[in-house]
Amino acid sequence: WNRRFNLNLSKIKTGSIFEVAEVVRNLTFQDHVKKLSTGERRLLDTARQILISELVLASDKDVGSVEEWLSDLFQENTPGN
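The structure contained in this document is the topic of the report that follows. (Residues numbered from 1 in each chain as written. Predicted model: local features only at pLDDT ≥ 70, side-chain atom pairs only at ≥ 80, totals over all residues. Heavy atoms only, no water.)

**Examining the overall build of the protein**
On a plain count of helices and strands, the protein comes out with four helices and zero strands. Sequence-ordered secondary structure for the protein, helices as α and strands as β, is α-α-α-α. Compactness check: the protein gives a C-alpha radius of gyration of 13 Å against a globular reference of 12 Å for 81 residues, within 12% of the reference. Reported as C-alpha extents along the three principal axes, the dimensions of the protein are approximately 35 × 30 × 20 Å. Residues counted as buried form 30% of the 81 residues belonging to the protein. A separation of at least 24 residues holds for 48% of the contacts in the protein among residues at least 6 apart in sequence. Taken as a whole, the protein presents about 5,500 Å² of accessible surface, with 53% of it coming from carbon and sulfur. (Helix = DSSP H or I, 4+ residues; strand = E, 2+ residues; numbered from the N terminus. Rg over C-alpha atoms; globule rule 2.2 N^0.38 Å. Buried < 20%, exposed > 50% of the residue type's maximum accessible area, 1.4 Å probe, protein only. Contact = heavy atoms within 4.5 Å. Areas by Shrake-Rupley, 256 points an atom, 1.4 Å probe, with all protein chains shown as cover.)

**Some words on unusual backbone geometry**
Of note, the phi angle at Asp60 is positive, near 60°, even though the residue is not glycine. Along the polypeptide, Asp60 turns up in the loop between helix H3 (38-59) and helix H4 (63-76). Take Asp60: its relative accessible area is 72%, and that puts it in the exposed class.

**Here we look at the packing of helix H2 (residues 17-33) against H3**
The geometry of a pair of packed helices is captured by two quantities: the angle between their axes and the separation between those axes. Interaxial distance between H2 and H3 falls to 9 Å at its minimum, and their mutual angle equals 135°. Looking at the two axes, H2 sits oblique to H3. Of the two possible hands of crossing, H2 and H3 adopt the one that is left-handed. Where H2 approaches H3, its residues Ile17, Val20, Ala21, Val23, Val24, Leu27, Thr28 and Asp31 are matched on the opposing element by Glu40, Arg41, Leu43, Leu44, Ala47, Arg48, Ile50, Leu51 and Glu54. A class-by-class count of the residues in the contact of H2 with H3 yields eleven nonpolar, one polar and five charged. (Axes fitted to C-alpha atoms, helices over the stretch in contact; angles between N-to-C directions. Parallel < 35°, antiparallel > 145°, perpendicular 65-115°, else oblique. Left-handed = near helix turned anticlockwise from the far one by under 90°. Nonpolar A, V, L, I, M, F, W, Y, C, P; charged D, E, K, R; others polar.)

**Thoughts on the environment of Thr14**
Structurally, Thr14 can be placed in the loop between helix H1 (2-13) and H2. C-alpha separation for the pair Thr14 and Asn26, spaced twelve residues apart in sequence, amounts to 17 Å. Here the side chain of Thr14 touches Ser16 through a polar contact of 3.3 Å, landing on its backbone nitrogen. (Polar contact = N/O pair within 3.5 Å; in protein donor to acceptor, adjacent residues only side chain to side chain.)

**Section: the packing of aromatic side chains**
All chains considered together, the criterion is met by one aromatic pair. Consider the rings of Phe29 and Phe74, whose centres lie 6.1 Å apart with planes at 85°: the pair is edge-to-face. Separated by 45 residues along the polypeptide, Phe29 in helix H2 and Phe74 in helix H4 bring together distant segments of the chain. According to the relative accessible area criterion, Phe29 is partly exposed, its value standing at 22%. Its relative accessible area of 11% is what places Phe74 among the buried residues. (Phe/Tyr/Trp six-rings, centres within 6.5 Å; stacked < 30°, edge-to-face > 60°.)

Okay, structure coming up:
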């Protein structure tokens with residue numbers, strides 16, 4: 001998990017919203033398969049907050065509706081659903 005953590009951290013540091021979204025996607029799916037370590041959980045929370053804040057600015061919607069939309073999106077696309 002340490003190598004995966006460092007790779008995901010470097011993706012977040014690039015500043016690319018696409019890289020941040022990829023980290024959120026990958027860690028969210030990983031969390032459904034096997035629970036994340038504490039460090040990866042914090043990384044997921046950080047990446048998710050970055051993604052949500054960017055989507056709020058881009059869509060001109062409130063934080064709650066963007067969080068709900070993102071949660072629904074991941075729920076629909078989780079393997080096994």
